[in-house]
Number of protein chains: 2
Amino acid sequence: MSYVTIKEVAQEAEVSVPAVSQVLNNTGRISDATRQRVLDAIAKLNYIPNSAARSMRSSLTKTIGLLVPDIRNSYFASLISAVTEELSKNGYVCLIGSSGESVKGQDTFLRSLLSQRIDGTIIVPQGTISPGLKRFLETDLPVVFLDRSISGIGQDSHIPLIDSDPLPGIEKAIQSARALGHSSIGFVHGPIAESPSLKERQDVFASVAAELLGDDGAVIAEPTDALSAITGLLDRGVRTFIFGYSPDALVAIGYFRDHGLVIGKDVSMISFDDIPLFELATPAISVISQQVITMGVRGARTLLGLMRAKNSSHPGPNRAENLRIPTELIARESMVDFSADPR
Amino acid sequence: MSYVTIKEVAQEAEVSVPAVSQVLNNTGRISDATRQRVLDAIAKLNYIPNSAARSMRSSLTKTIGLLVPDIRNSYFASLISAVTEELSKNGYVCLIGSSGESVKGQDTFLRSLLSQRIDGTIIVPQGTISPGLKRFLETDLPVVFLDRSISGIGQDSHIPLIDSDPLPGIEKAIQSARALGHSSIGFVHGPIAESPSLKERQDVFASVAAELLGDDGAVIAEPTDALSAITGLLDRGVRTFIFGYSPDALVAIGYFRDHGLVIGKDVSMISFDDIPLFELATPAISVISQQVITMGVRGARTLLGLMRAKNSSHPGPNRAENLRIPTELIARESMVDFSADPR
């Protein structure tokens, strides 16, 4: 693994390498001020002495790192649950972290994980290849990307990606809306700048909606915050919504309720992600399910396979295939039926 | 910290201490079978060689362990968010784990945490003092209990407890129900065997309801699963519910809907925990809020104080006070108003 070196600590503290070593081993005569500078540099760089690093590399810890964008998002809570349950069956425990949907949060957690004793990591990455992610991938730790791809990492990357294929679910959603008499649909996208996977949903929607409903049938929200995106679409006359990012759908449910727009009567909606709230809402909200349990289990199994291959005395191919889980439409009561009484 | 010793590894593997040492240092002549037994014992006991353990104890890692009962429970997701945000402001990252509402899950995660490099831990504990928890508390790591107390640990424990005081919220809830003309209320308790805090809510309800509504006014559900508890109360004629554990309230919302019982018309309910689903439900559900953000922030600050005291060159009192956050009633639309038309 690519740990911080003693040389980097010496540079940061502006002392010699032997001075750092003396502080570490509590030998030699070092002034209190110098000692403090070295300790500060160690803390700042999260340096691990070689002896510890060696032991960390040596034996299996049966511990896995798991990074998700937001634990408050029920979709990721379900994903965590599926991953940890599958790993737990195999005797593994997870150290979970949240990036708070930010590259900075992701890199901070990955930096911390590097100093922990783990056998592998599952990452739901943010946007593009960041310095912290790049550094993390330079280690020889088995890693799996789950749920989201990142740009800036080639098709020939050795990191397997387990995610969902948005096409089947979006296609069924638009077909079903058309069958109910909806002639135009607005799309609200979520933080696409942070996620090529969210961007893909919007692109798939745009192309399928244009094909099935014509060019006027696909109305893409402005690239702005959720509330402005929703009110912007309402102002443009949109009354049928597909949400590519479920937290935006929750914002919409609150907005509709506060403004007297009854779902399933005044407005229609379908959201990505089969979370409990959509099932328990009145009316129940139709969803494009990513089969989150299947995805989590397959992600965990892919990592288990990579770790087995790495630690086997006869290592097989130390690579795993990418895998896409098809999305599914689960139709509930949130779509107005215009088919008997077409507008 | 109380790590596993090389002697315990030797005993587990049924070999001598020097044999373990030879496997660790890859010296001497050890048969493959013996080596495997030693490696298995190391993995099983999660043994860390002394050199690593020493470094782990030495410097600050700016990493905290955080154990919660269930990440899928939105209440704990909010608690995690509050804790991690406050710690993050102070430069700390969290390694989060879930016990899955079981003592076994708790002890497994705590065992794994012991082999990680952390500066302190916040624990939402399960039930009673378990072997894994006991062992963990024997270390000199700063620990804070959050949200739930445990039995079997005395008032004079040095572990501070930050939790909510159920009395003010439950009292307001029953007063408000009485003002709306409800003469009897059923209480659904959640997994009280796993949590003295849930048990306390039931006891507080029983005593306040008996006082305000008379002995017939307090109907406690049987100690069984959520669905049986709810149907049992319905069979006993209960139409007004207070839920001490929000996941049970979600079960009830689904059950009521599937059986044509309209909340706010046919049945009335108030639940513990101010989670998004209750606010977005139709009708919006009244809640007894535990002020989860305040609780998380105060829990994090208590731990930060303990860590500062421990690492200060002039350590102050290495103890912290317990703290109870008062619960609050947030009245919404889920209670029928019988006050104009009393039954």
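Residues numbered from 1 in each chain as written. Chains lettered and ligands numbered in written order. Predicted model: local features only at pLDDT ≥ 70, side-chain atom pairs only at ≥ 80, totals over all residues. Heavy atoms only, no water.

Structural notes on the sheet that holds strand β9 (residues 268-272) of chain A
Residues and elements named next belong to chain A. Here is the rule we go by: Two strands form a pair only when DSSP identifies at least two bridges running between them. By definition, any uninterrupted DSSP run of H or I lasting at least four residues is a helix, any uninterrupted run of E lasting at least two residues is a strand, and each is numbered from the N terminus. Whenever a helix is involved, its axis is fitted only over the stretch in contact; in every case the axis is a line through C-alpha atoms, and angles between N-to-C directions fall within 0 to 180 degrees. Here a residue-residue contact requires only that any non-hydrogen atoms of the pair lie within 4.5 Å.
Within the open sheet, the six strands sit side by side as β7-β6-β8-β9-β10-β12. Their pairing is mixed. The two strands at the open ends of the sheet, each matched to only one other strand, are β7 (218-220) and β12 (328-330). Pairwise comparison of adjacent strand axes, ignoring direction, gives a mean angle of 20° for this sheet. Inspection of the sheet shows strand β8 (residues 240-243) paired to β9 by four bridges, in the parallel sense. When the sheet's bridge partners are listed, F243 is paired in β9 with S271. With respect to the sheet, helix α8 (residues 166-179) is in contact with β6 (185-188), β8, β9, β10 (286-289) and β12, its orientation differing from that of β12 by roughly 40°.

A look at helix α6 (residues 103-114) of chain A
Quick note on the threshold: A helix is expected to span 1.5 Å for every residue after the first. Note on classification: 1.4 Å probe, protein chains only; a residue is buried when its accessible area is under 20% of the maximum for its type, exposed when over 50%, partly exposed between these limits.
An ideal rise of 1.5 Å per residue puts 16 Å on 12 residues; α6 of chain A measures up with 16 Å between its terminal C-alpha atoms. Among the residues of α6 of chain A, Q106, D107, F109, L110, S112, L113 and L114 of chain A are the ones counted as buried. Buried residues along α6 of chain A sit against β1 (63-68), β2 (93-98), β3 (120-123) and α7 (131-137) of chain A together with β1 (63-68) and β2 (93-98) of chain B.

Side note on the interface of chain A and chain B
Note the cut-off: A 1.4 Å probe defines the accessible area here, and the buried area is the portion of it lost by two parts on being joined, summed over both. Put simply, a salt bridge is a Lys or Arg side-chain nitrogen that is within 4 Å of an Asp or Glu carboxyl oxygen.
Opposite the 41 residues of chain A that make contact, chain B presents 41 residues. In total, chain A and chain B occlude about 3300 Å² of area from one another, counting both sides; carbon and sulfur atoms represent 60% of this. Contact with chain B buries area across many residues of chain A, yet R117, R257 and L280 of chain A alone supply 18% of it, more than any other trio. Linking chain A with chain B are zero salt bridges. Taken together, the elements giving at least two residues each to the side of chain A that touches chain B come down to α4 (50-58), α5 (74-89), β2, α6, α11 (246-258) and α12 (276-280) of chain A. Considering each element in turn, the side of chain A that touches chain B owes the most residues, five residues, to β2 of chain A.

Notes on the pairing of strand β4 (residues 143-146) of chain A
Residues in a regular strand point their side chains to alternate faces of the sheet. Residue and element names in this part refer to chain A. Which entries qualify depends on this criterion: The handedness rule is simple: strands pointing away from the viewer, and a clockwise path from the first strand over the helix to the second, make the crossover right-handed.
Side-chain alternation along β4 places V143 and F145 on one buried face and V144 and L146 on a second face that is also buried. Two strands pair when backbone bridges link them, and β3 and β4 are joined in this way by three bridges, in the parallel orientation. Along β4, the bridge assignment pairs I122 with V144. Taking the sense of rotation as the criterion, the β-α-β connection linking β3, α7 and β4 turns out right-handed. In this sheet, strand β5 (residues 161-165) lies alongside β4 in parallel orientation, the contact comprising two bridges.

Some details on helix α1 (residues 6-13) of chain A
Residues and elements named next belong to chain A. Defined as follows: Read the arc as the range of directions from the helix axis to the C-beta atoms.
By the burial criterion, the buried members of α1 are V9, A10 and A13. In a view along the axis of α1, the buried residues occupy a sector of 100°, so they form one face of it. Among the exposed residues of α1, those oriented more than 90 degrees off its buried face are K7 and Q11. Backbone geometry just downstream of α1 places E14 in the positive-phi region, at approximately 55°.

Describing the packing of helix α10 (residues 226-235) of chain B against helix α11 (residues 246-258) of chain B
All names here are of chain B. Inclusion rule: Geometric relationships in this document are graded by angle, where less than 35 degrees denotes roughly parallel, more than 145 denotes roughly antiparallel, 65 to 115 denotes roughly perpendicular, and other angles denote oblique. The sense of a crossing depends on the near helix, which, turned anticlockwise from the far helix by less than a right angle, makes the crossing left-handed and, turned clockwise, makes it right-handed. Side-chain classes are defined by residue name, with Ala, Val, Leu, Ile, Met, Phe, Trp, Tyr, Cys and Pro counting as nonpolar, Asp, Glu, Lys and Arg as charged, and the others, Gly among them, as polar.
Packing of α10 against α11 brings their axes to within 9 Å, and their N-to-C directions diverge by 60°. With respect to α11, the axis of α10 lies oblique. For the pair α10 and α11, the sense of crossing is right-handed. Where α10 abuts α11, its residues A226, L227, I230, T231 and L234 lie against D248, V251, A252, Y255 and F256. Its residues placed into classes, the contact of α10 with α11 shows eight nonpolar, one polar and one charged.

Examining the domain arrangement of chain A
Residue and element names in this part refer to chain A. The line we're drawing: Domain start and stop points were drawn from an automatic or database domain assignment. Residues adjacent in sequence count toward polar contacts only when both atoms are side-chain atoms; beyond that, a polar contact is any pair of N or O atoms within 3.5 Å, and within protein one must be able to donate a hydrogen and the other to accept it.
Each domain of chain A was delimited in the assignment, giving domain 1 (6-56), domain 2 (60-159 + 292-324) and domain 3 (165-290). Spacing between the C-alpha centres of domain 2 and domain 3 amounts to 29 Å. With 15 residues of domain 2 at the interface, the matching set in domain 3 holds 16 residues. Regarding the contact of domain 2 and domain 3, the summed buried area is about 1200 Å², with carbon and sulfur atoms giving 46% of it. Taken as a group, Y75, R148 and R324 account for 37% of the area that domain 2 buries against domain 3, more than any other trio of residues on that side. Taken together, the connections running from domain 2 to domain 3 amount to one salt bridge. Ionic pairing is found between R324 and E200, a salt bridge with its closest N-O pair at 2.9 Å. Where domain 2 packs against domain 3, one counts five residue pairs in polar contact (both at pLDDT 80 or more). Among the elements of the structure, α5 and α13 (292-311) are those that each provide at least two residues to the side of domain 2 that touches domain 3. By residue class, the composition of the side of domain 2 that touches domain 3 is five nonpolar, six polar and four charged.

Overview of the side chain of E101 of chain B
Residue and element names in this part refer to chain B. You can see E101 is positioned in the loop between β2 and α6 (103-114). A polar contact is formed between the side chain of E101 and the side chain of R148, at a distance of 2.9 Å. Discounting chain neighbours no more than four positions away, the residues touching E101 are P69, D70, F76, Q126, R148, E194 and Y245.

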